[in-house]
Amino acid sequence: MTQTQTHTPTKSALPRHDVRDLALAPEGKKRIEWADKDMPVLRAIRERFAKEKPLAGYRMAACLHITTETANLLRALQAGGAEIVACASNPLSTQDDNAASLVKDFGISVYAIKGEDRDTYFRHMNAALDIKPNVTMDDGCDLVSLLHGERKDLAGNIVASMEETTTGVIRLKAMEQQGILKFPAVAVNDAMCKHFFDNRYGTGQSTLDGVIRATDHLIAGKTVVVAGYGYCGKGVASRARGLGGHVVVTEIDPIKAIEAVMDGFQVMSMHEAAAKGDIFITVTGNIHVIREEHFRLMKDGALVCNSGHFDVELDLVALARIATKTHKGLREFVDGYTLPSGHTVMVLGEGRLINLAAAHGHPASVMDMSFAVQALATEWALKNKAGLKPQVYNVPAEIDAWVAKLKLQSMAVNIDTLTPEQVKYLSSHDMGT
Ligand code: ADE
C-alpha cells in the first residue's frame, strides 16, 4: 500500500485537513458538480436545508468513502448548518481530487488520502473525533467503535449516530444486544430506499466496473463465482450474468441458496466452485470465505476480489503463506500469488472493496437515494433527540416514501393512486368473490 505523506494543517482560511494535494481541487470540483447533476433528491434537500438550517449548531464527524457522491452529502449537511469533518471509511476508497476540492472549494475539513496506511487511517479518524462531535455518520461502524473504546470520553456528547452499511448495522445491533451501546444509532442501511437500490444496483454495477478497470478482462464466457446472495450478491450475480458470465453462487443460508437457484444461477459449495471459477467475488460480510483449501484448487490466472465491507473475506495471510512467489503490482490493483501447483492467483485491490479501490464506487444516481435517506434521518434524529434512547432505530417509513416519490418525480415516472373504492376494498374483510 502506498505510504502517505503527512500534511501539516495550514494556517490559512482553509479548514483543518490532511489530503493528498490541494492542487487536485479543480478536477475534483468538476467531478463533484458532475455527480450533483445526477443527485436531484439530495439537491432538493440541500436547497431546503439551506433555508431552514435544521442542523445549525451541531458538529458532525462523518467517516465515509470520500467520493464525489459523499461530497454532495457533505454539502447538504453543511447547507443545513452543521460544522462537518470527514474522514475515510476505507484506506483505498478516497478520491484525492475530490478530497482536495472539499477542503479548498467547499470549506469542509477532510482527513483522507487514497492508499493511507493503517496508522494514518486511525489518525484520521481520531482527527475527525477531535472536533468533539454531537452527531456521527459511519460506513462500517468504525467511529462508533472508537467512541466505545479509545475515545469513550467523547461518547457522552453524541446525540445520534447514522450507519450506512449492513456490516455496520450488524455491529451496532450486537452492541445494543450486549447492552453496551452508549447513544442512539439509526440503521440507514435498513431503509428500503437504501439497501434495495444501493446494495443491489450500486454494488452490482460498481463491482463489475472495478473488476473490469483493474484487469481489462472480458466477462463474457467466464465463470464468475459470487459468494453471498444478499442484496449485494444478487446485484453482482445479475450484472455478471448481464455481461455474459456463467454465474455460480455460493451461500450458507438455505433460503437464499434456493432463491439463487430459482433465479437461474448454479449454486454449489466454495469447494466445488474453487476449481471452476475464472473470477471470484465475495460479498458475504463474513470472514475467510475463500481460504487456503480453496486457493489451492484454483485455475492458473483466476481473479479473486472482494466487494463486502471489510477486507477479511479473503484469507490473504494464508495465501501469502502458501505462495511460492508473489508478484506485487502486476498492474495497478493486481497482485499475483504463485501456488505450489504452479498456478498463479490474482488478487485485486488487496482484498478491499474492489468497487471503490479500482473504480469510483456506486454511481451518483443510486447514492442520491442512500444519501437523501442519510440527510433526512439525521434531521429526524436531531428533531426527536429528546425521545431517543441508546438503541438502534429504523428510519421512519415516511422518509423512505418521500425519497421514493421524489426519485420517481426526478425520473418523470408517474404511478397510479388508489381509487376510493380500492381504499375501501383493501381495508375490508368481507368482500370476496
Ligand atoms: N459506497 C459505495 N459507493 C459509494 C459512493 N460512490 N460514495 C460513497 N459511498 C459509497
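The numbers attached to residues start from 1 for each chain and follow its sequence in the written order. Per-residue local features are limited, in this predicted model, to residues with pLDDT of at least 70; the limit for side-chain atom pairs, both in listing and counting, is 80 or more; totals at the level of whole chains, interfaces and linings are taken over all residues. No hydrogens and no water enter the side-chain calculation; it runs on all heavy atoms of the structure.

1. Considerations on the overall build of the protein
A count of helices and strands for the protein gives 17 helices and 16 strands. The quantity called the radius of gyration is restricted to C-alpha atoms. Its globule counterpart is 2.2 Å times the number of residues to the power 0.38. The C-alpha atoms of the protein give 22 Å as radius of gyration, which agrees with the globular expectation for 433 residues (22 Å, within 12%). Seen along its three principal axes, the alpha-carbon backbone of the protein occupies a region of about 75 × 65 × 45 Å. Whether two residues are in contact is decided by their heavy atoms: any pair within 4.5 Å suffices. Across the protein, every contact between residues at least 6 apart in sequence was considered, and the portion connecting residues at least 24 apart equals 71%. Accessible surface area values rest on a Shrake-Rupley calculation with a 1.4 Å probe, where residue burial reflects the displayed protein chains alone. Here the protein has roughly 18,900 Å² of accessible surface; of this, 54% comes from carbon and sulfur atoms. Across the protein, 47 positive and 51 negative side-chain charges occur, with their mean positions spaced 3 Å apart. Helix and strand definitions here come from DSSP, where helices need a minimum of 4 consecutive H or I residues and strands a minimum of 2 consecutive E residues; each element is numbered from the N-terminal end. All tallies of charge rest on Lys and Arg as positive and Asp and Glu as negative; His and the ends of each chain are not included. A single reference atom marks each charge: NZ on Lys, CZ on Arg, CG on Asp, CD on Glu.

2. Regarding the sheet that holds strand β12 (residues 303-306)
An order of β10-β9-β8-β11-β12-β15-β14-β13 is seen for the eight strands of this open sheet, with the pairing classed as mixed. Each edge of the sheet is formed by a strand with only one pairing partner; in this case those strands are β10 (266-267) and β13 (325-331). The pairing of strand β11 (residues 279-282) with β12 spans four bridges and is parallel. Residue pairing for β12: I279 is matched across the bridge by L303. Two strands are said to pair when DSSP picks up at least two bridges between them.

3. So, the pairing of strand β14 (residues 334-338)
Each residue is placed in one exposure class: buried if its accessible area under a 1.4 Å probe, protein chains only, is under 20% of its type's maximum, exposed if it is over 50%, and partly exposed if it falls in between. A large share of β14 lies buried, amounting to five of its five residues. Side chains V334, G336 and T338 project from β14 onto one buried face, and the interleaved D335 and Y337 project onto a second face that is buried too. Taken together, the four bridges between β13 and β14 define a ladder with antiparallel strand orientation. Counted as the bridge partner of K325 is T338 from β14. As consecutive antiparallel partners, β13 and β14 are separated by two residues, and within that stretch F333 has a phi angle of approximately 75°, a positive value. Two strands pair when backbone bridges link them, and β14 and strand β15 (residues 344-348) are joined in this way by five bridges, in the antiparallel orientation. Bridge pairing links D335 to V347 in β15.

4. As for the packing of helix α1 (residues 25-37) against helix α4 (residues 96-104)
Axis definition: a line fit to C-alpha positions, over the contact stretch in the case of helices; interaxial angles, taken between N-to-C directions, run 0 to 180 degrees. One way to put it is that α1 packs onto α4 with a least axis distance of 7 Å and a crossing angle of 90°. In this view, α1 runs roughly perpendicular relative to α4, as classed from their interaxial angle. Contact with α1, carried on its side by A25, E27, G28, K29, R31 and I32, involves D97, N98, A100, S101, L102 and K104 of α4 and no other residues of that element. As a working rule, the residues Ala, Val, Leu, Ile, Met, Phe, Trp, Tyr, Cys and Pro are called nonpolar, Asp, Glu, Lys and Arg charged, and the rest polar, with Gly in that last group. Within the contact of α1 with α4, the residues separate by chemical class into four nonpolar, three polar and five charged. Each angle gets one of four labels, with under 35 degrees taken as roughly parallel, over 145 as roughly antiparallel, 65 to 115 as roughly perpendicular, and the rest as oblique.

5. Considerations on the packing of aromatic side chains
Think of it this way: a Phe, Tyr or Trp ring, Trp meaning its six-membered ring, pairs with another when their centres are within 6.5 Å, and the plane angle makes it stacked under 30 degrees, edge-to-face over 60, tilted otherwise. Overall, the coordinates contain six aromatic pairs when judged by the stated rule. Centroid distance F196 to Y231: 5.6 Å. Interplanar angle 40°. Geometry classified as tilted. Of this pair, F196 sits in helix α8 (residues 192-215) while Y231 sits in helix α9 (residues 231-242); the two residues are 35 residues apart in sequence, bridging distant segments of the chain. Ring geometry for F197 against Y201: centres 6.4 Å apart, planes inclined by 25°, an arrangement best described as stacked. Of this pair, F197 and Y201 both sit in helix α8, four residues apart, which is roughly one turn of the helix. Taken together, the ring pairs in this structure connect F196, F197, Y201 and Y231 into an aromatic cluster. Against the face of F196 rests R200, its NZ or CZ located 4.9 Å from the ring centre. Over the aromatic face of Y231 sits the side chain of K234, whose NZ or CZ is 5.6 Å from the ring centroid. Definition used: whenever NZ (Lys) or CZ (Arg) falls within 6 Å of the ring centre and also within 35 degrees of the ring normal, the charge is taken to sit over that ring.

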